[in-house]
Every structure is written in structure tokens, then in C-alpha cells.
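A closer look at the structure
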4 protein chains.
Amino acid sequence: MAAPVDNPDQLITSSDPEHPANLIPSLCAKFWTLGWVTGTGGGCSIRDDDLVYLAPSGVQKELMKPTDIYVLSLKAQDPSNRHQQLQRTYLRSPPIYKPSQCTPLFLAAFTRRNAGCCIHTHSHWAVLVTLLLEAKGNSSVFEINNIEQIKGFGRGFQKTGNLGYHDTLRIPVIENTPHEEDLTEYLEKAMDEFPDTYAVLVRRHGVYVWGDNVHKAKTQCESLDYLFQLAVEMHQLGLPWISNIPQIAPQRT
Amino acid sequence: MAAPVDNPDQLITSSDPEHPANLIPSLCAKFWTLGWVTGTGGGCSIRDDDLVYLAPSGVQKELMKPTDIYVLSLKAQDPSNRHQQLQRTYLRSPPIYKPSQCTPLFLAAFTRRNAGCCIHTHSHWAVLVTLLLEAKGNSSVFEINNIEQIKGFGRGFQKTGNLGYHDTLRIPVIENTPHEEDLTEYLEKAMDEFPDTYAVLVRRHGVYVWGDNVHKAKTQCESLDYLFQLAVEMHQLGLPWISNIPQIAPQRT
Amino acid sequence: MAAPVDNPDQLITSSDPEHPANLIPSLCAKFWTLGWVTGTGGGCSIRDDDLVYLAPSGVQKELMKPTDIYVLSLKAQDPSNRHQQLQRTYLRSPPIYKPSQCTPLFLAAFTRRNAGCCIHTHSHWAVLVTLLLEAKGNSSVFEINNIEQIKGFGRGFQKTGNLGYHDTLRIPVIENTPHEEDLTEYLEKAMDEFPDTYAVLVRRHGVYVWGDNVHKAKTQCESLDYLFQLAVEMHQLGLPWISNIPQIAPQRT
Amino acid sequence: MAAPVDNPDQLITSSDPEHPANLIPSLCAKFWTLGWVTGTGGGCSIRDDDLVYLAPSGVQKELMKPTDIYVLSLKAQDPSNRHQQLQRTYLRSPPIYKPSQCTPLFLAAFTRRNAGCCIHTHSHWAVLVTLLLEAKGNSSVFEINNIEQIKGFGRGFQKTGNLGYHDTLRIPVIENTPHEEDLTEYLEKAMDEFPDTYAVLVRRHGVYVWGDNVHKAKTQCESLDYLFQLAVEMHQLGLPWISNIPQIAPQRT
């Protein structure tokens, strides 16, 4: 557990652009231009060993500053208390703002998958994919195969290497809840059922994507958004997401 | 009523990027990249207590400068004289340009809703939504529910808290008039009929969105544009805007 | 006619960002981000009294520099020699590059409409509109009415004021020719048939838009591209471009 | 063959923004904003005489730095050993990263077409075009004619001049393989069958585009992406890619 900190603002003060307190604002500004965090929606959290850096609730994502960041100790969290949102102790809090309701969802990725970064977007491609699956009978998994960009995903937790071109990418879909923190148990259940997934779609809401580090979380999130957009366009053109393409060369691992 | 000003240009001169005379140009430049204020269309106004800051008519929104801004006193306006456009007295006027025809519409948001900021966009998503409603029989209200982004809206004027996921967002639609200032009475009527709305759509024209302050007006405008885009895409995919989703967790507040 | 110039590079050397030799590169960079001048397509020319500033052929529009600009004297052109492209004398030429084949089309806007700026885009919205009209029986005019953005256009050459909301915007369409300079006579014919138009569409190619000055040419071009995009989207949604909306308030000029 | 280099980092150190080691990162950053190299997909290579500069595998394209670049000698490659990926000797390698699997495909463009630059994108317009052709019966060539932007392409290898408006642009499509390097023999076969093409589409994957120099590769890639987007939109609107437009003026070379 992190030792008490004399001056908590030291936790978010650094001249290194790769420091989480600098990186979260610059990433969120980029995500805003991609339409992922429109109107204060969505967010991003980075874990550095035991320290978790979090964007606050209700901030304009392209205007965020390092001083807006919350910091907490991962080990200090009580895993049995999922809804401790109000009681949660932060090592450092911004002077204004409230903690994000996404916090327990980000923590789930950190504790259950040892993730180093988790991104939450409201990308309308993600929302449209969940709506199309709903219209097809409330399907709770998005599946696509035989698209090169699938190779942008790792094979799964504690596995080495990436998915192959002919592999099927499967992303579970959970139903939305009125309060974002109430999603946590459904997100954790989806993680249990899909142990290798790096993402969970939330119906009519968006997607949570994580990775071992910032690089992997961000590039997996980009690849997934690319695939969601492609999937919606394929649907509009009457093209199926799953196909049976003959393999013309060996797929090595 | 604001005291007479020795040098009116003091009203638009500040080194603070959050000063309305600096903020309107930087916001409008951002809105231009979003396609909201194409070809000098649309606009933005900020109220600071009694002072109202307004973009002029016919300016390229991404090139606006603080010296282009009009300033007027809200209390000095005659509420009974809606069409006083030509006679209106400004505390500060730019050397070139004419006042915007949007002025009385912005003032309606300030006087009737105590808004701190009002944004007017020509976003083609807004226009397409009004066209789709027209094709469905001239419906005068846009309704959508069970989409997470709905939570980006306040519950209404002088109410606390935001809409919930299962709540239905309702935005009234008024018919367009040849002269923008003539919209004022219809906008005010819509405000009366929909006392909790923070926005009014104008058929074949665009949308007016306001908020208690710049932050709220801007993030509500972003959330609304997101929902308009989603609504058009849902329509193209044959998905209804209103659905009856079973509630799987309590909606507090 | 412009006097001979000792050092032709003086014509394109200025520290004023509004100087045509600086403005053409900055406008073209902006147009590139809008998708109007992809792959060296499209272009822009500005007239300052007798001097005409032109982008060269085959330059990457977002990388253009003032030193790339051609300058010629409008009065020195022989109007009877439309195809003098090769023999044309320039007051200033860039060391590399060839003159643009768009040159005689830009000159037509300057000589016949006294325009101060002419923009040529390959916007795919413009191309799609011409394709949709072709599919409807080779129609040679694009028409739309009852859209607010129509008010972004002047009423016509040597007329004052702008189009009204209920007015119909009419843009002639000419057929494309293998060589761009051969379009000139068709463009001029369209100008004769539509004396009030500020733009001519070229089938399967793009659009030429002009205005009395840079501001008007640029904002009219933006408004037109907005309307082309809207028209394609309306077509996809089964909505007609021409409608008969009841007028609910007087349309003053 | 390049002489041994004392300090390999000299090969990627230059203050000239046009030096390949500076140009590849700036081009890739631009391509990222165009959606061509999402999630570390795609890439770019430049050849300067015998020296080939290559982006590494798995790098975020908008964040690439000159120090990330590989350099190899083209003459030092063994053309009979297509799969020498692992054994390939680099004149300069970045401290981290692995060589890109695209390397042998870029080399094919350099050795067989004497190209100066080759760009690989995952543009979803390219992917959608290959999917539409697949749905039409696995067609292995994309064809479009009578669109102005076609003039953005050279007539072919060792030919002078560009395609004309009425010419048909033909881009071969090869099937994707699980490993990108295995595409090489199919890419080379497509080059043999289409000796004049400057691009090869890869089904469900993207496109490779080259040119005699960076300017030509980049502008041809832009023009092609424009045409792919237009083709998808034309398909959605029921418009054919190949048409029989009467020629209204002579097509000179």
C-alpha cells in the first residue's frame, strides 16, 4: 500500500509527457477528436504499479489538465465492497469535480486482468453495433473474422502473441444500467465468461477496452473502433460479419 | 443596468482565455471543425451577469477575433419589443459587421432560462432529424430514450440532477421562418410548452442549445449532436428511437 | 495593364497573411483537410485588381508555399484566345511546376463576373450530386429549396442581398471534358444561361465556386458543400430536394 | 552496396524535414488522421537510391520518431530469398521494435517497379471495396472510369503522362494471407499481370500503393482512397462504377 504522501499534488506533477497525469489529458484530447468522449462521456485510467490515475466526472475531455486527476492506491481498495464509491479514499483529489462513476469498472480491469490502462468510449460505432445485435435478438456477443485488423488484438490474458487473420474476435455485450457503477458486476461476469477478451461492449452505451499498458489499450481501442465502424458499414451493404474464407497459406502462431 | 463605459473596447479586452470575448472566438473555431457553423452559419453568445457577448453576423466563425464581438446590457433590453433589432443599443460594437439576427433568440435563453451561454448550430444531423420528423407527418418533437448519452442533459430549468438512462429526452421542433429574428416568438412558445428543455430544433435549419454556463451549454450541445447523428444512423438501419428496455437495476435520483 | 516588374518575386513576397500569395496556400491547406483538394486535385485563385494569383498544377495542396504561385495580368489576356494556355505570359512563375489547367476557368469568373476569388473542389459530395442527377436522366441543374443554409448565397451578379429561405438555389451542371481547359466554353455558356449563379458543377468531376472576394467565395463554397452533403443524405433517406413548405412569416428582402 | 557505416544512427539523423527518416514519421502522422494506419496497422517506406527506410512493426503511427526507423541496402537483399525476414541484415535498427512484416512487399515495389516510396493503408474504404467485389463473385480487379480523379494516376511503369478521364483505372485484388510477408508472391504475381498498376488491393485487409517518389506515391494513394470512398458511396446509391459516357471533346495524351 502506498505510503501517506506529504504533498499529494506531487503525485500529479511531472515534466515527463509520459507521466500518467500528463498522458491522461493528452490521450483524452485525442479521443475527443475521434468522437469517443463527446460531451464529457467516456474516460481513461492508467495504472502505474499500485497507483491508479483517473479522470474526474463531468470534465470536458479535450480540456482536461493534470491537476484534474484523481490518484488512488489499488491495494487499499476493498474488493468486497464494489459500491464503495462514496467512501473510497483517494491519495490525491482535484479541488473541484467528483470521482467518475467509471472508477469501479476501471479497477476491475486492473485487479482482474492486471491491466495497465483502461479506456471507456461512447463511440457511436460501438453503440450502433450493440443496437444491431439487439435487433438480431439481443445477442450478447459481437463476432467478426477474416479481417486483417483483428490481428491488432492479443490472444488473451496471460497468453502470448496476437489473434490471427482467420481467428474470430469475440467481444461480449452487457446490458446497460441506469448507474454506471452498477455495471461493474456485469462487466466482471463478462470477464469471467470471456477470459481472453480485452473489451466489453455495453448496450446502448459504449465500450470498455483495456491492455497491459497504455500502448496496448490505446491501439486495441483504435482497432476495435475500426472494426465496429466496418461492421456497421458491412451491415448497411448487406455483408456478413462472419465468413468462411478458404485459407490459402498456413497460419503460424 | 451597466454604467456607461468610457472605452467600450475594455469590454472585449482581456488576457484571460476564459473571458467571453476570448472564449467565443475559440469556441466558434472549435465548432467550425465540427461542421456546426459552416459558411458563417450558426453562432454563440455568452452572458456574464448583465453583460451579453455576441458574435456578429456574417463572420467566418473559425477566423473570429475578440474585436469582432458585440456587447449589450441584458437589463437595458425592452422585453416588449421583440423586433427592436435595428434600434438595439450596444455597449460595444465592432467597427465593421452587423448584429446577428440570432440576437433575440439568444436573449430569450438568457431572460427566460437564466442561461449563461447559448449555442446555435446548422449541424446537418440536426437538419436531417427535423426532415425525418417532417416526413413522419410534421412531428413537432424529437424523442429518444435508453441511450447512455441522454445522461448528458440536466433534468430541466431550476431542477437539480441530470436525466437518467431510461428517461426520454424530448426536444421541441419549431418551423423555420424566412427571417431568423422572427423565430423568437416560436422559440419562446416552445420554451413555454417544454419548460424543462435545454434546446429547440428549427426545421430545415438547425438547433438552439443553452445551459447555465458555457460548460453546460457546450457539453449539452455536443451530447445532442451525438444523439442526432445516432438517430439518423438508427433510422438508416431501421432501428426505432424509442424503445421499451427492461430496467435491470434501480434508477436512483 | 501591369507595368513590367523588375523582380517578379516581389509579387509573391509579403509578411501580410492576407496577401494573396500567402492566402492561397493557407486556404488550400484548409481545403485539403475538408477533402476538397485531395491528391493535387482542385485549386484556388485570387484576383487583386488586375493581378491574378494562381496555384500551379500538380502541387500537394496542403504543402503549397507562396513561392509556388503564378501571377498574371488579367488585362493582358487575349479573351478571343481561350486555349492560349501554352502561350500565356506570366508576370511571375515558380521555378518548377506547370500552370494549372484550371487557369482559363478561373479567368472566366474574373472577367465575366468580376469575381475576386474562385475555388475549384473535387469534393465527393459535389461528384455524387452530379451522379444522382445523371441517374435521374442527365439533369443539368441542381435545385434545392427551404433549407436555411441557402441564405449563404448572394442573389446574383450585381444584385444586392442574399437568397431567402424559400428561394430555390439553382446550380447548373456541365459535362466533363478530358482536358480541364476545354471546360471553359461550357462553363461560360452555363454562366450565360444562369446569370445569377455563383457556381457551376462539373459532372463526375467537382464544382467551381466564386465570389466578389475571398470571404464570399470561401463561405459560398462551404455553404454549397454543406448543401451537396445534405442533398446526398436526403436522397439516401428518401427525402426530396424540392419541397412546398407553407410560408409562416413574411420573407422580406 | 552501401559501405559499412561507422555510426548507423547517422543514417537517420538529419535536420532536413525532407530526409526519409524525418519524412516517414510526418507522413505516418498525417495518414493516422486520415484513418489509414489505425491501431499500428499499415505503414510507409521510402527508398533513396540504394537505401531503404522502413517504419518498424507495432508502432503507433502518429507517434513515430526518426530513431524508430530501420535502414537497409536494397542491393544487399537476396531476391531469391523472399522469406529471409528473420535473417535480413539492417544497416541501422532501432533499439526496440521488430522489423515490419510489410518489408518484403515494400521491397517488391522498389525492385520490380523502381519505386521511390510505397504506402500501405488499412483504409476501410479499401477494405469495403474488396468486400463488395467478393460479394459480386470474388472479382479480382477493381475498375472505375469517367471520374476526374482518375487523372491522378500515371499511365504505368516507364510510361509518360497520366490516365485520361475516359480511361478505366484497374487495380488488382489479391487474397489475404495469415502472415503479411506471405502476400509477397501474390503481390508480385499481380504486378506481373497488371504491369501498369501503381497499387494492389488486399482482400479484407487494405491496399499497397507506390510511386516513383514520395510525392507520387502519396498523391496516388490519396486519389485512390478518394475513388474507393466514392465507389462505396456510389454502390450505396445504386450507381455503377463503369459507365459509357459519350466523349464530348478530344482526349489528347
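Quantities reported herein were computed from a predicted structural model and do not represent experimental measurements. All residue numbers refer to position in the chain's written sequence, counted from 1. Chains and ligands are labelled by the order in which they are written, letters from A for the one and numbers from 1 for the other. Confidence filtering applies because this is a predicted model: local features only for residues at pLDDT of at least 70, side-chain atom pairs given and counted only at 80 or more, and all residues used for totals across whole chains, interfaces and linings. Think of the side-chain values as coming from all heavy atoms in the structure, minus any hydrogens and water.

Some points on the nonpolar core
- Nonpolar core, defined: a set of buried Ala, Val, Leu, Ile, Met, Phe, Trp, Tyr and Cys residues in which side-chain atoms within 4.5 Å join the residues together. Burial classification: accessible surface area is computed with a 1.4 Å probe over protein chains only, and a residue below 20% of its type maximum counts as buried, one above 50% as exposed, and the rest as partly exposed. In terms of nonpolar packing, the biggest core is built from 228 residues, with A:Phe142, B:Phe142, C:Phe142 and D:Phe142 touching the most fellow members.
- Residues are treated as being in contact if the distance between any of their heavy atoms lies within 4.5 Å. Apart from the residues lying within four places of it in its own chain, the contact partners of D:Phe142 are D:Val129, D:Leu133, D:Leu169, D:Arg170, D:Ile171, D:Val173, D:Leu201, D:Leu227, D:Phe228, D:Ala231 and D:Trp241.

Topic: the packing of helix α5 (residues 214-236) of chain A against helix α3 (residues 124-135) of chain D
- Between α5(A) and α3(D), the least distance of the axes is 11 Å, while the angle of their chain directions is 40°. In terms of axis orientation, α5(A) runs oblique to α3(D). By crossing handedness, the relation of α5(A) to α3(D) is classed as right-handed. Residues A:Tyr226, A:Gln229, A:Leu230, A:Glu233 and A:Met234 of α5(A) pack against D:His124, D:Trp125, D:Val127, D:Leu128 and D:Leu131 of α3(D). Interaxial angles span 0 to 180 degrees and are taken between N-to-C directions of axes, which are lines fitted to C-alpha atoms, for helices over the stretch in contact. A run of DSSP states H or I qualifies as a helix once it reaches four residues; a run of E qualifies as a strand once it reaches two. Both are numbered from the N-terminal end. Roughly parallel covers angles under 35 degrees, roughly antiparallel covers those over 145, roughly perpendicular covers 65 to 115, and oblique covers all other angles. Handedness of a crossing is defined here by the sense of rotation of the near helix relative to the far one, left-handed for an anticlockwise turn of less than a right angle and right-handed for a clockwise turn.

Concerning the arrangement of the chains
- As for chain C relative to chain A, no contact occurs, and the smallest C-alpha gap between them is 12 Å.
- Over all C-alpha pairs, chain B and chain D never come within contact, reaching a minimum spacing of 12 Å.

Some details on the side chain of D:Ser223
- As for its placement among the helices and strands, D:Ser223 is situated in helix α5 (residues 214-236).
- Apart from residues no more than four positions distant in its own chain, D:Ser223 is found in contact with C:Thr38, C:Gly39, D:Gln149, D:Gly152 and D:Phe153.

A look at unusual backbone geometry
- Here the phi dihedral of B:Arg204 falls at roughly 60°; this positive angle occurs in a residue that is not glycine.
- Along the polypeptide, B:Arg204 turns up in the loop between β7 (199-202) and β8 (206-211).
- Using a relative accessible area of 2% as the deciding quantity, one classes B:Arg204 as buried.
- Positive phi, normally seen in glycine, also occurs at C:Asp49, with a value near 55°.

A few points about the UniProt feature "binding site: Zn(2+)" (unreviewed entry) in chain A
Residues and elements named next belong to chain A.
- UniProt positions are given in the numbering used here, feature names are shortened, and annotations may be inferred rather than shown by experiment. Feature annotation in UniProt places "binding site: Zn(2+)" (unreviewed entry) on His120, His122 and His205, given in this structure's numbering. Of the residues just listed, which span 86 residues, no C-alpha pair is farther apart than 10.0 Å, and they cluster in one region.
- In this structure, His120 sits in strand β4 (residues 117-121).
- Residue placement: His122 occurs in the loop between β4 and α3 (124-135).

Some details on the sheet that holds strand β2 (residues 51-54) of chain A
Residues and elements named next belong to chain A.
- Taken together, the eight strands give an open sheet; going across it, the order is β3-β2-β1-β4-β8-β7-β6-β5, and neighbouring strands pair in mixed fashion. Lying at the two open borders of the sheet, with one neighbouring strand each, are β3 (70-73) and β5 (141-145). Strand-to-strand twist across the sheet, computed as the mean angle between neighbouring axes with direction ignored, equals 20°.
- The pairing of strand β6 (residues 168-174) with strand β7 (residues 199-202) spans two bridges and is classified as parallel. Along β7, the bridge assignment pairs Ile174 with Val202.
- Here α3 sits on the sheet and contacts β5, β6, β7 and β8 (206-211); the angle it forms with β7, its principal contact strand, is near 70°. When DSSP locates at least two bridges between a pair of strands, those strands are taken to pair.

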